[in-house]
Amino acid sequence: MSLSSTLNGSYLTPRLRINKVLPYFTSHTETHVSPKIDSSRTHVNYEVKEDVAVIRMNDPTSKVNTLSVQMQNEMIEVFNEVLANDAVQSAVLISSKPGCFIAGADINMIQACNTSEEVTKLSQEGQKMFARIENSPKPIVAAINGPCLGGGLEFAIACQYRVATKSKKTVLGTPEVMLGLLPGAGGTQRLPKMVGIPGAFDMMLTGRNIRADKAKKMGLVHQLVDPLGPGLKSPEERTIEYLEEVAIQCAKGIVNKKISLTKEKGMMQKVQDYVMGIEFVRQQIYKTVTAKVMKMSKGLYPAPLKIIESVKAGLEQGPDSGYLAEAQNFGKLAMTSESNALIGLYHGQVACKKNRFGVPERPVKNLAILGAGLMGAGIAQVTVDKGIHTVLKDTTVEGLSRGQQQVYKGLNDKTKKKTITSFERDFTLASLTGQLDYSGFEKADMVIEAVFEDLNIKHRVIKEVEAVIPPHCIFATNTSALPIKDIAAASIRPEKVIGMHYFSPVDKMQLLEIITTDKTSKDTTASAVAVGLKQGKVIIVVGDGPGFYTTRCLAPMLAEAVRLLQEGVDPKKLDALTTGFGFPVGAATLADEVGIDVAAHVAEDLGKAFGSRFGGGNVEVLKTMVEKGFKGRKSGKGCYVYTPGLKSKDVNPDIEDVLGKYKLTPNPLVSSDSDVQYRLVSRFVNEAVMCLQEGILNGPVEGDIGAVFGLGFPPCLGGPFRFVDTFGANKLVEKMKRYEEVYGNHFTPCQLLLDHAKDSSKRFHK
Amino acid sequence: MASMLMNSLRCCPPVNPAWAVQYATRSLSTSVQLHAQVQTKSKKTLAKPGVKNIVLVEGVRTPFLLSGTTYADLMPHDLARAALQGLLHKTSLPKDAVDYIIYGTVIQEVKTSNVAREASLGAGFSDKIPSHTVTMACISSNVAMTTGVGLITAGQCDTIVAGGVEFMSDVPIRHSRKMRKTMLALNRAKTLGQRLSLIGSIRMAHLTPELPAVAEFSTAETMGHSADRLAAAFGVTRLEQDEFALRSHTLAKQAQDAGLLSDVISFKVPGRDTVAKDNGIRPSSMEQLAKLKPAFIKPHGTVTAANSSFLTDGASAVLIMSEEKALAMGYKPKAYLRDFVFVSQDPKDQLLLGPAYGTPKVLARAGLTMDDIDVFEFHEAFAGQIMANLKALDSDWFAQTYMGRKVKVGAPAMEKFNLWGGSLSLGHPFGATGCRLVTTVAHRLLKEGGQYGLVAACAAGGQGHAMVIEAYPQ
């Protein structure tokens, strides 16, 4: 059970897709000064093999290569030498870092700029460098192994030929859009020519990673090289060597004309080119893509539109205008609050992928999960394929087989998508044991319970489990609202008890909220974080309390949503207003997804804990809905009616009666569309700030990450704390005071927020 | 299993034999140690007190033919029958003197899934002799033999016929799963209405047939592709592979011409001519071999149709007995079958490294060193695979990193290695090759006067086999 919902499935970037970004922009802590000369080069060097110059990149200060200032300067130096060297006929560009070609540009380069003109200039320098590569009289073959993203991809596509390994690590893509930027070094100009206009839009607007085999099909790379296994050297080392050998062959082939750079076009290609040659068709494409972007992004994200604009400028007005538009738009985007927010989230996400509690004393190798419901099976699904032996225990055969089927289906869907083979699926499933008893629990290193949200049941379970597990075993409880200390009260070793709040569906939602009590030991926390990281989660570690952080922020917003429904706002309208603000899922749909019964439960619990401050809508509305069987999506009816197989949904006609019974009269002073939005958001944000004030949160970064990745707080705003910084605490407080006059303490700003409102120099993020 | 890419190899015209002979004298040895003819062995014999000596009395095989040639109209058990009858004929073994018959095969004909039984009945063996069929990819007949060794050692049997058969001229091609499901449902349908509705549900897609998989099940990679990657991992060049392939064909041709392949029986194919010789041996030239395009990894791969083994039809059979029984029956055994091992590794990246893993292990078991071995017979799935295995055996790094050994055992001397050709040239009927290797070692030991021989082979699934064979004192 969890207070969150399906936030996946977006085609265009803006939503939560950001979390899929590989380290595209990577920041260096040190800045490199003093340009070095000749053999003192540290990042780029080259060696001549017969008549091929092999240019090798390796940033010694980082795990990945980035196009930092130093990398660029040395690259230009080397390139000049290669051009001037008469013994060289062609060149191969390769990274000597196993598993990384170029992960992107250096983000600090952009963040160090203060004006859009400076950023535009950066972009133009990049464009110039790649133009020289593109026009090089000596062919350059890019040999790609590992991520080739952002600026790295732009570099590669400026080369004359591309060879890539089929390694799983090799991905190509332009993830700039996820940081609110655009490919600013010629990407918007070269990609449409290389992969066609629709393909280029797809790449640049979604920012998705493309695997090597797909890249070959798209025409993004020319040749693929298989990763090698054990030989006379380590597989990684030999694979790079092999890639280099093949790339050298290609380079020679191009020089002696055995390999033609002008691709024979197939019939389909010719037809497509012809069609794309018609201006009317192109205009239609721009229109369709723009409409789609507007629909998905609600116009809240400027980057996709600027990408379309830059592509269009190049195709319709020629390369000069195109490159200029790209550079200028890049400069503009870099200065937007959206980009700032998205980059903030990226940094936050990186931070939340680290274990600040150190290495646990013993790694978790055997994990048992109690309860094979949606959550339990979901946790099993993300655990079993990480090399952890997983026990899934339920009390009934029916419950267990439903859970096992869920795990199987999750893996089988991956097989169908060909991300894993059927053999890998079977092999993974071999690590999953389904059972009804506690046999084998004496070997468990960690138990995660995901049983029904009832304190008595949880107490019974903890006692049963502690009777069979070994002393080192950690007991983690997956609850969305029950305070962990209350659950731990039944434990004979509370230092081993911790909360692990997963979000549903577990395999899609990136966030894991870990809750520690005063008694939880540091090693227990380290171990829970290590397991979560293995499961691929972005983790926030918060203090104990009713609703912890995420549920506590969501509850007042949902209470407000119920009040709005009572005031006669139609569920569809409510959804439109929330998504219009940037939430990926509307408030009414969110309630349905979470489950009306869960919402009622939480509202009541937290209402008791926090008193009238958590009021707003009448809990009876939810309870009556539950009585009538309107439990949300799972029961087929909630605010909406869900018909299996149908994507569209209609408002549940029967809730009119319920809402009619509890009807409230709206106050026109605080009921404009914008007020409705801020009533919802301000309660959310105020509660988040209060969590920081009370020490539930460790810092604003985790607060932002938790809100965006767990609850779908608008990514373009960067999370509640960045929102306060950008929007202005004083403005927010001003609005809240206005609402407070009407609704009372529901809208009383917390002290920390008031402090920030008073002193505009106070900011949550530097 | 060999390359499924069959016949493109056959476009290479045969070459000037004089050149070929000259070529064969060139050493391809990767290790340079030269061995004095007279050499002291680490051990005089591998006989162990209290352990029965098991002997190879005789080994035969049908000629190995390119699939789709003279054997095309037969069934697998026909080939196995021919081998069994050849064995009976050559040994004058009474038809009821055998305790058990075991056959190995890979691609099964569904009608004769226990091909050992069908073949032994058809070959006229007593119907009182039980027989079973085993499968372990390219080392299936090795398993058949070692199963027999086990039965004798355990005191269950004294006389075993083991063999292998593969028939690639005809393979089971099935209806699609959808079609099969419909047809099976049709079987159970009770009313005309049900039948008609089932028939009506058949779509074009149902009619697409299902071919036998050429890819490794667990990895979905074809063997040739894996071999090419293996060659690349060990830095085996195209030239090395072509040279080795040419060596195999050249040596096979010499052996055939010199009448050394005495295990081959002639076989009157019903409705066709009598076959007496393998027909896949075709020495070519390096120039011709160099012209071929890579067959699996394009365009930069190194494995071609010519340096891979080809699809072959053939069967083999051996007579294995306890030494005392053989002597009691008046036989003169050819060799002792001694220590053997089966090994297995990662089917993705080490698919074809069976010999590299099996050789050191079996040598250690037998207490022998590489120098003690006089005759090597390794299964040649691909020239690149053989070269990779030789390089692995010769690498300290590989031995330490992947085999947990302190030092390498070293590569076999090429002067002792597959001197009568190998699977690349003689052909490779998957299930039958193991018996050919063992019989060849026995025959070479007799001919060359050596003491110990070593058989090693790789197999699909990342498995492998190695066996030490000791010459029977003459």
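Since the model is a prediction, treat every value here as computed from it, not as a measurement. (Residues numbered from 1 in each chain as written. Chains lettered and ligands numbered in written order. Predicted model: local features only at pLDDT ≥ 70, side-chain atom pairs only at ≥ 80, totals over all residues. Heavy atoms only, no water.)

(A) Seen up close, the overall build of chain B. Of regular secondary structure, chain B possesses 15 helices and 12 strands. Taken over C-alpha atoms, the radius of gyration comes to 23 Å for chain B, in line with the 23 Å a tight globule of 474 residues would show. By its C-alpha atoms, chain B is 85 × 55 × 45 Å across when sized along the principal axes. Across the 474 residues that make up chain B, the buried fraction comes to 59%. Long-range contacts, defined as pairs at least 24 residues apart, comprise 82% of the intrachain contacts of chain B with a sequence gap of at least 6. A gap of 5 Å separates the mean positions of the 49 positive and 39 negative side-chain charges of chain B. (Helix = DSSP H or I, 4+ residues; strand = E, 2+ residues; numbered from the N terminus. Rg over C-alpha atoms; globule rule 2.2 N^0.38 Å. Buried < 20%, exposed > 50% of the residue type's maximum accessible area, 1.4 Å probe, protein only. Contact = heavy atoms within 4.5 Å. Lys, Arg positive; Asp, Glu negative; His and termini not counted. Charge placed at Lys NZ, Arg CZ, Asp CG, Glu CD.)

(B) Structural detail: the sheet that holds strand S7 (residues 148–149) of chain A. Residues and elements named next belong to chain A. Pairing within the open sheet is mixed, and its 3 strands lie in the order S7-S9-S10. For this open sheet the edge positions go to S7 and strand S10 (210–211), each flanked by a neighbour on one side alone. With 2 bridges joining them, strand S9 (residues 171–173) and S10 adopt antiparallel strand pairing. Residue pairing across strands places Leu172 opposite Ile210, the latter belonging to S10. (Pairing = 2+ DSSP bridges.)

(C) Here's a closer look at the interface of chain B and chain A. Each side of the interface is counted separately: chain B has 18 residues, and chain A has 20 residues. Each partner contributes to the roughly 1600 Å² buried at the junction of chain B and chain A, and carbon and sulfur atoms together form 61% of this total. On the chain B side of the interface with chain A, the three residues burying the most area are Ala233, His300 and Trp397 of chain B, jointly 33% of the side's total. Our count for the contact surface shared by chain B and chain A stands at 0 salt bridges. On inspection of chain B and its partner chain A, the count reaches 4 residue pairs in polar contact (both at pLDDT 80 or more). Those elements that provide at least two residues to the side of chain B that touches chain A are helix H7 (223–233) and helix H13 (396–402) of chain B. Here the side of chain B that touches chain A gets 4 residues from one element, more than from any other, and that element is H7 of chain B. Taken together, the residues of the side of chain B that touches chain A sort by class into 9 nonpolar, 6 polar and 3 charged. (Buried area = accessible area lost by both parts, 1.4 Å probe. Salt bridge = Lys/Arg side-chain N within 4 Å of Asp/Glu carboxyl O. Polar contact = N/O pair within 3.5 Å; in protein donor to acceptor, adjacent residues only side chain to side chain. Nonpolar A, V, L, I, M, F, W, Y, C, P; charged D, E, K, R; others polar.)

(D) Region of the structure containing the UniProt feature "site: Important for long-chain enoyl-CoA hydratase activity" (unreviewed entry) in chain A. Residues and elements named next belong to chain A. The feature "site: Important for long-chain enoyl-CoA hydratase activity" (unreviewed entry), as given by UniProt, occupies Glu154 and Glu176 in the numbering adopted here. Look at the named residues: they lie 23 residues apart in sequence, but the longest C-alpha span between them is just 11.3 Å, so in the fold they bunch up. Topologically, Glu176 is positioned in the loop between S9 and helix H5 (187–195). (UniProt positions renumbered as here; feature names shortened; annotations may be inferred.)

(E) Expanded view of the pairing of strand S5 (residues 159–166) of chain B. All names here are of chain B. With 8 of 8 residues buried, S5 is to be regarded as a mostly interior element. Of the two faces of S5, both are covered, the one formed by Thr159, Val161, Gly163 and Val165 as well as the one formed by Ile160, Ala162, Gly164 and Glu166. Where strand S3 (residues 100–104) lies against S5, 5 bridges are found, and the strand directions are parallel. Counted as the bridge partner of Tyr100 is Ile160 from S5. Where S5 lies against strand S8 (residues 312–322), 8 bridges are found, and the strand directions are antiparallel. Bridging from a neighbouring strand, Ala162 pairs with Val318 of S8.

(F) Summary view of unusual backbone geometry. Following Ser504 of chain A, the chain continues to Pro505 of chain A via a peptide bond in cis, the omega torsion being -5°. Among the structural elements, Pro505 of chain A can be located in the loop between strand S17 (497–502) and strand S18 (511–516). For the bond from Lys298 of chain B to Pro299 of chain B, the omega torsion is 0°, close enough to zero to count as cis. Looking at the element boundaries, Pro299 of chain B is found in the loop between helix H9 (286–291) and S8. The phi dihedral of Lys257 of chain A falls on the positive side, at around 65°, and the residue is not glycine.

(G) Representation of helix H8 (residues 238–257) of chain B. The terminal C-alpha atoms of H8 of chain B, which comprises 20 residues, lie 28 Å apart, in line with the 28 Å expected from a rise of 1.5 Å per residue. Positive backbone phi, at 70°, marks Gly259 of chain B, one or two positions downstream of H8 of chain B. (Expected span 1.5 Å × (residues − 1).)

(H) Structural detail: the environment of Gly449 of chain B. Along the chain, the position of Gly449 of chain B falls in the loop between helix H15 (433–448) and strand S11 (452–459). Through-space distance from the C-alpha of Gly449 of chain B to that of Thr45 of chain B is 15 Å; in sequence the pair is 404 residues apart.

(I) Structural detail: the pattern of salt bridges. Residue and element names in this part refer to chain A. The full count for this structure, using the stated rule, is 62 salt bridges over all chains. We note a salt bridge from Lys166 to Asp226, for which the minimum N-O separation is 3.3 Å. Residue Lys166 is located in the loop between strand S8 (161–165) and S9, and its partner Asp226 is located in the loop between strand S11 (223–225) and helix H8 (235–255); the two are separated by 60 residues in the primary sequence. For Lys166, a relative accessible area of 37% puts it in the partly exposed group.

(J) Geometry of the side chain of Gln677 of chain A. Within the secondary structure, Gln677 of chain A is located in helix H26 (residues 673–693). In contact with Gln677 of chain A, not counting residues within four places along its chain, are Leu577, Gly580 and Phe581 of chain A.

(K) Spotlight on the UniProt feature "domain: Thiolase C-terminal" (unreviewed entry) in chain B. Those places that UniProt annotates as "domain: Thiolase C-terminal" (unreviewed entry) correspond, in this numbering, to residues 331–470 of chain B. As annotated, residues 331–470 of chain B has a helix share of 36% and a strand share of 23%, and its two end C-alpha atoms lie 17 Å apart.

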